[in-house]
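Each chain is listed here by its residues.
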Amino acid sequence: MSTPSDGPPRRERVVLATRRGARTVRTRVEVQEQTEVGDALIRGLMRAQLGLALRLAGVTLGVLCAIPLLLALFPDAGAVTILGIRLSWILLGFAVYPLLLAVCWVYNRSADRNEQEFGDLVDD
């Protein structure tokens, strides 16, 4: 039993079991020296960024192409006027820009996350 004069109990450091015989991965060096592993890591980052860009471009093109298509399918909707401006002009001339800004924001956030994950992988 400890008494108050003994002081606080000693802190004990808990460490996960060390791996024996495991090869130390030097990913930062491998990326800098452009080895096969480093090249594969960089190609993975580029593939992730390209996939992200293509997916968002597809969504953007889909929405932008759907607006005129829907206005052609429903001509009564295109004849609606708001403040003297036809709905088709409002949608194609003004409402598209917040959509594009949102897509840009999503792309920047996702691309930054991809790069952060790559940096974390390299720094491990």
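Predicted model only: the values in this text are computed from it and were never measured.

1. Details of the overall build of the protein chain
Here comes step 1: Tallying secondary structure elements over the protein chain gives 4 helices and 2 strands in all.
Here comes step 2: Of all intrachain contacts in the protein chain linking residues separated by at least 6 positions in sequence, the fraction that spans at least 24 positions is 66%.
Here comes step 3: Of the accessible surface of the protein chain, which amounts to about 10,500 Å², a share of 62% is contributed by carbon and sulfur atoms.

2. Quick notes on the UniProt feature "transmembrane region" (unreviewed entry) in the protein chain
Here comes step 1: Per the UniProt annotation, the sites labelled "transmembrane region" (unreviewed entry) are residues 52-75 and 87-107.
Here comes step 2: Segment residues 52-75 splits into 96% helix and 0% strand. End C-alpha atoms: 35 Å apart.
Here comes step 3: In residues 87-107, the share of helix is 100% and the share of strand is 0%. The end C-alpha atoms are 29 Å apart.

3. So, helix α4 (residues 87-123)
Here comes step 1: Compared with an ideal rise of 1.5 Å per residue, which puts 37 residues at 54 Å, α4 spans 52 Å between its outermost C-alpha atoms and is within 8% of the ideal.
Here comes step 2: Maximum bend of α4: about 40°, positioned at Ala 95, with proline Pro 98 one to four residues after it.
Here comes step 3: All buried positions along α4 are accounted for by Ser 88, Val 96, Val 103, Ser 110, Ala 111, Asn 114, Phe 118 and Val 122.

4. Quick word on the pattern of salt bridges
Here comes step 1: Tallying each qualifying case throughout the model produces 1 salt bridge.
Here comes step 2: A salt bridge links Asp 39 to Arg 43, with the nearest nitrogen and oxygen atoms 3.3 Å apart. Here Arg 43 and Asp 39 lie together in helix α2 (residues 36-73), a separation of 4 residues that amounts to about one turn.
Here comes step 3: The partly exposed category is assigned to Arg 43, whose relative accessible area is 42%.

5. Regarding unusual backbone geometry
Here comes step 1: Its identity is not glycine, yet Leu 83 carries a phi of approximately 55°, on the positive side.
Here comes step 2: By the element assignment, Leu 83 lies in the loop between β1 (81-82) and β2 (85-86).
Here comes step 3: When its relative accessible area of 84% is taken as the criterion, Leu 83 is described as exposed.

6. A closer look at a nonpolar patch on the surface
Here comes step 1: On the surface, a cluster of nonpolar side chains totalling about 430 Å² of accessible area is made up of Leu 69, Leu 70, Leu 73 and Phe 74.
Here comes step 2: The residue Leu 73 is located in helix α2 in this model.
Here comes step 3: Its relative accessible area of 55% is what places Leu 73 among the exposed residues.

7. Description of α2
Here comes step 1: For α2, spanning 38 residues, the distance from its first C-alpha to its last is 53 Å, which sits close to the expected 56 Å at 1.5 Å a residue.
Here comes step 2: Of all the positions in α2, only Gly 38, Leu 41, Leu 45, Gln 49, Gly 51, Leu 52, Leu 56, Thr 60, Ile 67 and Leu 71 are classed as buried.

8. Examining the packing of α2 against α4
Here comes step 1: The geometry of α2 relative to α4 is characterised by a closest axis approach of 10 Å and an angle of 165° between their N-to-C directions. Relative to α4, α2 is oriented roughly antiparallel. Viewed along their axes, α2 and α4 form a crossing whose handedness is right-handed.
Here comes step 2: Grouping the amino acids of the contact of α2 with α4 by side-chain chemistry returns 23 nonpolar, 5 polar and 1 charged.

Cut-offs and rules
- Residues numbered from 1 in each chain as written.
- Predicted model: local features only at pLDDT ≥ 70, side-chain atom pairs only at ≥ 80, totals over all residues.
- Heavy atoms only, no water.
- Helix = DSSP H or I, 4+ residues; strand = E, 2+ residues; numbered from the N terminus.
- Contact = heavy atoms within 4.5 Å.
- Areas by Shrake-Rupley, 256 points an atom, 1.4 Å probe, with all protein chains shown as cover.
- UniProt positions renumbered as here; feature names shortened; annotations may be inferred.
- Expected span 1.5 Å × (residues − 1).
- Bend = angle between axes of the 7 residues up to and from the residue.
- Buried < 20%, exposed > 50% of the residue type's maximum accessible area, 1.4 Å probe, protein only.
- Salt bridge = Lys/Arg side-chain N within 4 Å of Asp/Glu carboxyl O.
- Patch = residues over 30% accessible without salt bridge, like charges linked within 9 Å, V, L, I, M, F, W, Y side chains within 5 Å.
- Axes fitted to C-alpha atoms, helices over the stretch in contact; angles between N-to-C directions.
- Parallel < 35°, antiparallel > 145°, perpendicular 65-115°, else oblique.
- Left-handed = near helix turned anticlockwise from the far one by under 90°.
- Nonpolar A, V, L, I, M, F, W, Y, C, P; charged D, E, K, R; others polar.

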